[in-house]
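Chain residues, written in single-letter form:
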Amino acid sequence: MKKNLFIIITFLAFSISSLFADTKTVKIGYYSDGNPFFNIGQKDSAKYGFGYEYIQLIASYTGWKYEYVYGSYAELYQMLLNNEIDLLPAVGCDTQVQGKILFPEDAMAKETYYLYVKTSDNSLKGNNYSTLNFKKVGVQKGTYQEEQFKKFLKLNGMEGNIIEFDRRDSMRNAFIRNEISAVVDSDIGSRYDWEPVFEVLSFDSYLAVSNSRPDLLNQLEVSVTEIKNFDSSYFKNLWKKYNPTSITNKQLTETELSFISSKKTFKIGYLSNYFPFCDKDPETGKPQGFFKDFINLTMEKFNISNIQQEYISFSNYDDLIDALQHDEVDIIFPVPHDYFEAENNNFFPTEPVVKIGMCIVYKNILGDDWTDSVAVTDSFLGYLYMAKNYPFANFTRYRGREGCLYAVQQGAVKGALLMYNKAQSILYKNRNFRNLKILKLPLDNQISFGVKRDNLLFLSILNKCFSSISEQEKTTIITSYSVKEMQFTTEDFIKSYIWFIVIIVTIIFILLTCLAYTINKIREYINYDSLTHLLNRKTMNATFSAIQKRADKTNSPFCIMILDLDDFKHVNDTYGHACGDEVLKQVAKIIMHSISSMDYAFRWGGEEILILFNTNANYAYNSSERIRKGIEKNIVNYNETEIKITATLGLSVYRTGMSFQDMFTIADENLYKGKKQGKNKIIL
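Residues numbered from 1 in each chain as written. Predicted model: local features only at pLDDT ≥ 70, side-chain atom pairs only at ≥ 80, totals over all residues. Heavy atoms only, no water.

Student: What should I look at first to understand the overall build of the protein in this one?
Tutor: Counting its secondary structure elements, the protein contains 23 helices and 31 strands. Residues counted as buried form 47% of the 684 residues belonging to the protein. Sequence separation of 24 or more characterises 70% of the internal contacts of the protein that already satisfy a separation of 6 or more. Surface accessibility of the protein: about 35600 Å² in total, with carbon and sulfur atoms responsible for 52%. (Helix = DSSP H or I, 4+ residues; strand = E, 2+ residues; numbered from the N terminus. Buried < 20%, exposed > 50% of the residue type's maximum accessible area, 1.4 Å probe, protein only. Contact = heavy atoms within 4.5 Å. Areas by Shrake-Rupley, 256 points an atom, 1.4 Å probe, with all protein chains shown as cover.)

Student: Explanation requested: the packing of aromatic side chains in the structure shown.
Tutor: For any pair of aromatic rings, geometry is given as the distance between the ring centres together with the angle between the planes. Tallied over the full model, the rule gives 38 aromatic pairs. Both rings, one in Phe333 and one in Phe449, keep their centres 4.6 Å apart while their planes meet at 35°; by these two values the pair is tilted. Of this pair, Phe333 sits in strand β15 (residues 331–336) while Phe449 sits in strand β23 (residues 445–452), and the two are 116 residues apart along the sequence. Judged by relative accessible area, Phe333 falls into the buried class, the value being 0%. Classification of Phe449 as buried rests on a relative accessible area of 0%. What links up through ring pairs into an aromatic cluster is the set Tyr270, Tyr274, Phe277, Phe290, Phe291, Phe294, Tyr311, Phe333, Phe449 and Phe466. Looking at Lys118, its charged tip hangs above the ring of Phe175, at a distance of 5.1 Å from the centre. (Phe/Tyr/Trp six-rings, centres within 6.5 Å; stacked < 30°, edge-to-face > 60°. Lys NZ or Arg CZ within 6 Å of the ring centre and 35° of its normal.)

Student: Sorry if this is basic, but what is going on with unusual backbone geometry here?
Tutor: Of all residues except glycine, most have a negative phi; of all peptide bonds, most are trans. A cis amide bond links Phe275 with the next residue in sequence, Pro276, at an omega value of 10°. Note on placement: Pro276 falls in the loop between β11 (273–274) and β12 (278–280). Here the amide bond leading from Phe333 into Pro334 is cis, since omega sits at 0°, within 30 degrees of zero. Relative to the helices and strands, Pro334 is located in strand β15. Notably, Asn83 is not glycine yet its phi reads approximately 60°, a positive angle.

Student: What should I look at first to understand the nonpolar core in this one?
Tutor: Nonpolar side chains tend to gather and get buried jointly when the protein is soluble and globular. One finds Phe277, Phe290, Phe291, Phe333, Met386, Leu417 and Phe449 to be the most contacted residues of the largest nonpolar core, which totals 66 residues. Those residues within four positions of Met386 in sequence are excluded, and the remaining contacts are Trp370, Val374, Val376, Pro391, Ala393, Phe395 and Leu417. Within the second largest apolar cluster, 30 residues are counted, among which are Met561, Leu565, Leu584 and Ile645. (Core = buried A, V, L, I, M, F, W, Y, C linked by side-chain atoms within 4.5 Å.)

Student: Any chance you could explain the pairing of β23 here in plain terms?
Tutor: A regular strand places its side chains so that they alternate between the two faces of the sheet. Counted residue by residue, β23 has seven buried out of eight residues, so it is predominantly covered. Of the pairings in the sheet, the one linking β15 to β23 comprises three bridges and is antiparallel in character. The residue of β23 that forms the bridge with Val335 is Ser448. Judged from the three bridges that link them, strand β16 (residues 347–349) and β23 form a sheet pairing that is antiparallel. Paired with Phe348 across the bridge in β23 is Val451. Of the strand pairs in this sheet, strand β17 (residues 354–356) and β23 are connected by three bridges, and their pairing is antiparallel. Bridge assignment links Val354 to a residue of β23, and that residue is Ile447. (Pairing = 2+ DSSP bridges.)

Student: Mind showing me how you'd approach the sheet that holds strand β27 (residues 608–613) here?
Tutor: Think of a sheet as strands paired side by side through backbone hydrogen bonds, with each pair either parallel or antiparallel. Strand order in this open sheet of six strands is β24-β26-β27-β25-β30-β31, and the pairing throughout is mixed. Each edge of the sheet is formed by a strand with only one pairing partner; in this case those strands are β24 (535–536) and β31 (682–683). Each of β25 (559–565), β27, β30 (647–653) and β31 is contacted by helix α22 (residues 617–633), which is oriented at about 170° to β30, the strand it contacts most. (Axes fitted to C-alpha atoms, helices over the stretch in contact; angles between N-to-C directions.)

Student: Is there a simple way to explain a nonpolar patch on the surface in this structure?
Tutor: Residues Ile508, Leu512, Leu515 and Ile519 make up a contiguous nonpolar surface patch of roughly 330 Å² in combined accessible area. By the secondary structure assignment, Leu515 is in helix α18 (residues 501–527). Judged by its relative accessible area of 43%, Leu515 is partly exposed. (Patch = residues over 30% accessible without salt bridge, like charges linked within 9 Å, V, L, I, M, F, W, Y side chains within 5 Å. Salt bridge = Lys/Arg side-chain N within 4 Å of Asp/Glu carboxyl O.)

Student: What's the story with the pattern of salt bridges in this structure? I'm lost.
Tutor: Between side chains of opposite charge, a pair can form as their charged atoms come close. This structure, assessed with the given rule, holds 25 salt bridges. A salt bridge links Asp327 to Lys452; the shortest N-O distance between them is 3.4 Å. One end of the pair, Asp327, is in the loop between α10 (317–325) and β15; the other, Lys452, is in strand β23, and 125 residues separate them in sequence. Within the structure, one salt-bridge network assembled from shared partners comprises Glu625, Arg628, Lys629 and Glu632.

Student: In this structure, what is going on with the sheet that holds strand β13 (residues 287–288)? I would like to understand it.
Tutor: Pairing is antiparallel in the open sheet, where three strands are placed in the order β11-β12-β13. Every other strand in the sheet has two partners, leaving β11 and β13 as the edge strands with one partner each. Relative to β13, β12 runs antiparallel, the two sharing two bridges. Residue pairing in the sheet places Lys280 in a bridge with Pro287 of β13.

Geometric values such as these leave the question of function open.
Right, dumping it as structure tokens:
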């Protein structure tokens, strides 16, 4: 048997090597456009990306040695048509190129392109494509998606102002800088503040072969077959590596917007004992936990301010479901993302909003037979998790989490199913269970909101709105509550350590004093620039938001000023960076002496300083003039050399609805005008 296997392997290896033996160096087009799906890297830099890994894998089977030909996609595509290169990744196959280019049977992947606008741009809604007329739309020059988008405009009788770019990253940067209104781009690497308005096209993307090299096409197809035989999921997994998420259209239709505007109140049912995800504050009786912050953040992102939220708590899952069926509430949380459970209880789950880590708490050693005897809480969610993911497990329901843990302590069960964060908290805080151990389970409990099955419009709205919340934002919310849960309360402490409480109180006092000192130092390190002792730019968002809210509420003015030191590079180049640092320190002192305690000064970067004046334009201008004159008159003595420097300042005034970026752009443009007009000026 072994001898026969050896003969077969030897024969296959000889056959493949014979097939590829005469292969010469292969010329392959390589365009780096900033899209990790295809190719990253230039001639003398590291290369990576889906396309790059794909062609390297093919080479590992064919023995091809690549000679890279660099250029834009349009240039390389034309070279492929002219048989000047042998291969080009990511080529769409349509009737116009069939016969001119050779395509293998298997595509590299499926590309999908959308028309994107900024999240803040509400000019494109639903299917009203006429608003595209005369808008600047960025596309990659000479690409299949450009051709299809032009056909789309023509089909809909629109006059699109198409702006062509040779490189994808140049196009994306122009969009980010608001130089164009929209962009046709792939669903890979889209930003959180981009909204896909509609799908432009979706097509299979191939590693295309020159019409003059049918030998390479044959070798390519044999290699792909060999790779798929070895691992049928290889290409699929490689695709997921560079494209882990999918794109959803989060823009609400006119019907959905009308539904929202017609509602005055949403009644939200929740479990009162599922902290940190949902809970009722025992002191105030108000809802708290992840779900409430999640809903607030969603409504804030979609600017939904006309709807009041009424929260109704329930002590158990059955009552929660029953309230939804009797229209006592519009939406419930939490429900498992389980369509079988949803169908049996006449509701639809939204897409999962949170994944809860689950674990088994056990004593001593946990064997492979732990599913023979498992404790679960009387919460229906734990029961459903076990029934779905471990259908053959034998489990017993106990009252509360501590009831499950006592069952483990007493040997009544082999393990207890708990939420991972809850288990950590209980074992950390309760001395009675500190001898128990935790095994995190590989399958998370996916939790959703639930709506009645006949409320499909509401379900669509929720899924679109909820998809706007990033995983990082969810994690931040959960962490804020999980940290609270891990903290010892006074009651916990007294119960566990009353016999040496005096010693502990003394130690805590010392620790808190040190902690306060450390926190202050850390706050200084985090919030302030170490050189100038001005605020750093990380603190701007929170400061601007607070002042903007006050301004909108009280109709009070505020301004932004950007200061840039004139010819500062000359100082660094002539006298050294140490001298430049001394100049910056003195400028910072002049600024702090020239503004009020209600104003904020930030080191924005390099020699650029941003000031947020919490007052009107007249005061801001006068303060800016004091700063300008103070810098102009100041003499920096460095190594027995007197150095003078000036500054140019640009101002912008807040108007209702303006974002920080809006104000910054205006101030920056004014600064630029001042530079052009001879420097050492203030432009408002």
